[in-house]
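# Descriptive analysis of the structure
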Amino acid sequence: MIKELTKAEEQIMLILWEMGEALVKDVIEKMNEPKPAYNTVSTVIRVLEGKGFVDHKAIGNTYIYFPIVKETDYKRFALNKVMNNYFENSYESLVSFLVKEKSMSTKELDEIIQLAEKLKNNK
């Protein structure tokens, strides 16, 4: 079962999903300034291993880390959590919120409706 990530864990996972695999120093290079300490990133990656998100392969005494949870699976988990906690599992409430908050155009609304219809017909 997928567990929720902290902001730091999520930031590292986004980098690993983008890169496919990386050394700790590669992850740090992709991070925004101010860059965290090597030990901090290394610790977070080990926590991600413990949570079942990341694994590694050893080459000598160097570890190359790679994601074992797919980004799409985590997105689904995160969306379900948001839908459950904030929109009572109602896509109508979500779309209504987006329309109000993001000032969507009629064209964007039509695209959402068409996508929803397409998804509904594929079930």
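Computed from a prediction, not measured in an experiment: that's the story for all the values here.

Cut-offs and rules
Residues numbered from 1 in each chain as written. Predicted model: local features only at pLDDT ≥ 70, side-chain atom pairs only at ≥ 80, totals over all residues. Heavy atoms only, no water. Domains from an automatic or database assignment. Salt bridge = Lys/Arg side-chain N within 4 Å of Asp/Glu carboxyl O. Helix = DSSP H or I, 4+ residues; strand = E, 2+ residues; numbered from the N terminus. Buried < 20%, exposed > 50% of the residue type's maximum accessible area, 1.4 Å probe, protein only.

This part is about the domain arrangement of the protein. Domains assigned within the protein are domain 1 (7-67) and domain 2 (71-122). Once you take the C-alpha centre of each, domain 1 and domain 2 turn out to be 31 Å apart.

All right, on to the pattern of salt bridges then. For the coordinates displayed, the defined rule picks out 7 salt bridges. Note that E9 and K51 form a salt bridge whose closest N and O atoms lie 2.7 Å from each other. Separated by 42 residues along the polypeptide, E9 in helix α1 (residues 7-19) and K51 in the loop between α3 (38-50) and β1 (54-59) bring together distant segments of the chain. By relative accessible area, which is 5% here, E9 ends up buried. For R76, the salt bridge identified is with D73, shortest N-O distance 3.1 Å. One end of the pair is R76 and the other is D73, both in helix α4 (residues 71-86) and 3 residues apart, which spans about a single turn. With relative accessibility at 29%, the residue D73 sits in the partly exposed group.

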